[in-house]
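Remarks on the overall topology
Here's the letter readout for the chains.
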Amino acid sequence: MAASSRNLLRVFAECQRQLFIARVPTSVCASHNAPRHHPMRTYAAAAKPARKQKKDEKVPTKDSKEQEEKKKLLQKQKINDTSRHKPYGLTAWAPVDDVYLVRYYPRQVYEPEVAVDMLKTFQKLDFTPEDQPVFLDLQLDMKLEKKKKIDPFVSTVHLPHPFKKDINKILVFTENPEEARVATENGAAIVGGVDLIEKILEDRITADFYLAVPDMVTKILPLKNKLRKKYPKSKRGTVGVNIPEMLALFKTGHEYLVERDSYIVTQTATLDMPKEHILDNMRTIIKDVVAHKPAEFGPLIDRIIASTKMSEGLWLKCEAFLPQEDVKEA
Amino acid sequence: MWTLVSGRFALHNSCNFSYVKATLFRAQNISQTACKNTVVVERWWQVPLSQEGRPPRLYSNRHKVYRLVEDMKHQPQRKMELILTQTVPKLGGRGDTVFVKKSLGRNKLLPEGLAVYPSPENKHIYAEERRILCEGKLEDRIQTWTGKKTVEFLKSAKLEIGMHTPIKDKLTKEVVCRRFLRMLGVVVPLHALTLPEEPIQELGDYWCEVTVNGLDTVRVPMSLVPFMESRLMKLRKQEEEQPNTE
């Protein structure tokens, strides 16, 4: 009896603290206790809320919780399937009948040559245009060691069989008149110095690529915010002394970037190009991508999907693109 | 008598009770229940080598002294391999080799006849059945449970094919098979599909037949509609949905 009344008191005190109002809690007090009247006391507001704020800071907000949950759902937990008699959630490792539903069996992974052939037949059977672009979708594993990641990179590749008909527009920053002449000879669209800066800031001139000589880097600083990703950087290869070489790369080069941390989606070719051209282009791009991660930390590419604009994606075997050529050629 | 091998061996109260009974010389109480667990023991003292071809001779008391190596009941329980004879939910259909817990296999599947041990003879029987399904005569084939499910699915399936208007010979089997794959997610090989005998010339509704495993045939309604690009189709769908919600 005494214990229960003590507990009730404790409960009542808690209620009071939270509500800052003294109440006669008819529901809390049991019937056999006399109703307790407590004097009206307004508590100092600063005392408890300070503690509460700390608690709130420690406990993550609702939005970030939702985001974390979404992330976890997206990173599917990889269940080790190999020892089971059938993969988790599916009917069997391989279909037994001739007519079957694709979603009950594990996803089929194709050789690159087979996949390109399939894409071409799909184009004919679906009555879609012949010159549609062929895309390559790569998922990358950006982890390096413990808690280190590769930064999302942007790089330009020189494709063996370019699909773009027109040359990229290039703007070169130089003060030297000789270098300017060399640049215009080699195909730069616009060449200039400090005077170009104003024109770019006013948006009168735009270009696909911006190259610069090392001397000019300090002078171009006001354009950094304007050009952002395209700003000349020695890491990307847009700052250098050898102008003809840089121009040759960027004139016919194909640029790709890493979106959303670990995905690359680029156009590799068009479907009306012969099969070998498409495969060569794919291989060049993948070689360039793989060069961004040192070999000790495992393969960079998790999965490769080839697709056209109007067809579904076909998963490709990563082993076919690895530098161990004997496996591929066999 | 027990056949003992020198060195490590497992003490099994093993399955051949008839053999044991036949060779019982002394009155021994041997358990009639099946072996519950296995204990791996090792001889403490080395047994001297015997002549080539002859089993080792055990004569001394010391040859009966054993040392416990491990008790298998502390190991994680391994799964047993069985071949199913009927469709079992969550495991598979007839002829599938599955890994199940020993309790499930011994108390449910084997007593009820839902599965058999994968002995070489049994494996041969079911491999033959699978071969007949692919290559053998139609009378010998048995429909698989996955095939039955596919048939059920196809019975409620509909196909829509967008065609350009002068349809001379464009509606081939390959086009229809591709449509099956794209729209419904069903892989239909060319030999399993039958189109109507007269070549189709106009847009409209027709039938096509799909034969699963050569046994069951399903008629799937196929409607030829004027060809529309996917972009336009998406716009049209959005327009249809908007008045519905309004």
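If you look chain B up in an unreviewed UniProt entry, it shows as Large ribosomal subunit protein bL9m from Electrophorus voltai.

The name given to chain A in an unreviewed UniProt entry is Large ribosomal subunit protein uL1m, with the source organism recorded as Electrophorus voltai. UniProt lists a comment for chain A under the heading Sequence similarities (unreviewed entry), and it reads "Belongs to the universal ribosomal protein uL1 family." Check the Subcellular location (unreviewed entry) section of the UniProt entry for chain A; it says "Mitochondrion".

**Considerations on the environment of glutamine 108 of chain A**
As for its placement among the helices and strands, glutamine 108 of chain A is situated in the loop between β1 (100-101) and β2 (109-110). The spacing of glutamine 108 of chain A and leucine 316 of chain A is 208 residues in sequence and 8.9 Å in space, taken between C-alpha atoms.

**With respect to the packing of aromatic side chains**
In total, this model carries 4 aromatic pairs over all chains according to the counting rule given. Taking the centre distance of 6.4 Å and the plane angle of 80° together, the rings of phenylalanine 153 of chain A and tyrosine 256 of chain A count as edge-to-face. Linking phenylalanine 153 of chain A in the loop between β5 (148-149) and β6 (154-158) with tyrosine 256 of chain A in strand β10 (residues 253-257), this pair joins segments that are 103 residues apart in sequence. Per residue, the accessibility class of phenylalanine 153 of chain A equals that of tyrosine 256 of chain A, and both read buried. Ring centres of phenylalanine 209 of chain A and phenylalanine 250 of chain A lie 4.9 Å apart, and the angle between their planes is 55°; this geometry places the pair in the tilted category. Here the residue phenylalanine 209 of chain A occupies a position in strand β9 (residues 209-212), and phenylalanine 250 of chain A occupies one in helix α8 (residues 243-251), the gap between them amounting to 41 residues. Neither residue differs from the other here; phenylalanine 209 of chain A and phenylalanine 250 of chain A are each classed as buried. The lysine or arginine in question, arginine 62 of chain B, covers the ring of tryptophan 45 of chain B, its NZ or CZ lying 4.1 Å from the ring centre. When the ring centre of phenylalanine 122 of chain A is taken as reference, the NZ or CZ atom of arginine 178 of chain B above it lies at 3.5 Å.

**Description of helix α4 (residues 112-126) of chain A**
Residues and elements named next belong to chain A. Given a rise of 1.5 Å per residue, 15 residues ought to cover 21 Å, and the 21 Å separating the end C-alpha atoms of α4 matches this to within 8%. Those residues of α4 not exposed but buried are Pro112, Ala115, Val116, Met118, Leu119, Phe122, Gln123, Leu125 and Asp126. A positive phi of about 55° marks phenylalanine 127, the residue just after α4.

**Here's the deal with the confidence of the model for chain B**
All names here are of chain B. Of all residues in chain B, 88% have pLDDT values of 70 or greater, and the mean over the chain is 83. At the level of individual helices and strands, chain B shows its lowest average pLDDT in helix α1 (residues 17-22), which scores 42, and its highest in strand β6 (residues 115-116), which scores 95. Counting contacts from residues 1-25, a segment whose pLDDT is below 50, to residues more than four positions away or on other chains yields 33 contacts. Model confidence for the complex is summarised by a pTM of 0.69, with the ipTM given as 0.71.

**Considerations on the sheet that holds strand β7 (residues 170-173) of chain A**
All names here are of chain A. Taken together, the 3 strands give an open sheet; going across it, the order is β8-β7-β9, and neighbouring strands pair in parallel fashion. Edge positions in the sheet fall to β8 (190-192) and β9, since each of these pairs with one other strand and no more. Neighbour-to-neighbour, the strand axes of this sheet turn through a mean angle of 15°, independent of strand direction. One ladder, built from 3 bridges, connects β7 with β8; its direction is parallel. Paired with phenylalanine 173 across the bridge in β8 is glycine 192. Relative to β7, helix α6 (residues 194-201) is tilted by about 135°, and along the sheet it contacts β7, β8 and β9.

Reading guide: rules and limits
Residues numbered from 1 in each chain as written. Chains lettered and ligands numbered in written order. Predicted model: local features only at pLDDT ≥ 70, side-chain atom pairs only at ≥ 80, totals over all residues. Heavy atoms only, no water. UniProt positions renumbered as here; feature names shortened; annotations may be inferred. Helix = DSSP H or I, 4+ residues; strand = E, 2+ residues; numbered from the N terminus. Phe/Tyr/Trp six-rings, centres within 6.5 Å; stacked < 30°, edge-to-face > 60°. Buried < 20%, exposed > 50% of the residue type's maximum accessible area, 1.4 Å probe, protein only. Lys NZ or Arg CZ within 6 Å of the ring centre and 35° of its normal. Expected span 1.5 Å × (residues − 1). pLDDT = per-residue confidence, 0-100. Contact = heavy atoms within 4.5 Å. Pairing = 2+ DSSP bridges. Axes fitted to C-alpha atoms, helices over the stretch in contact; angles between N-to-C directions.

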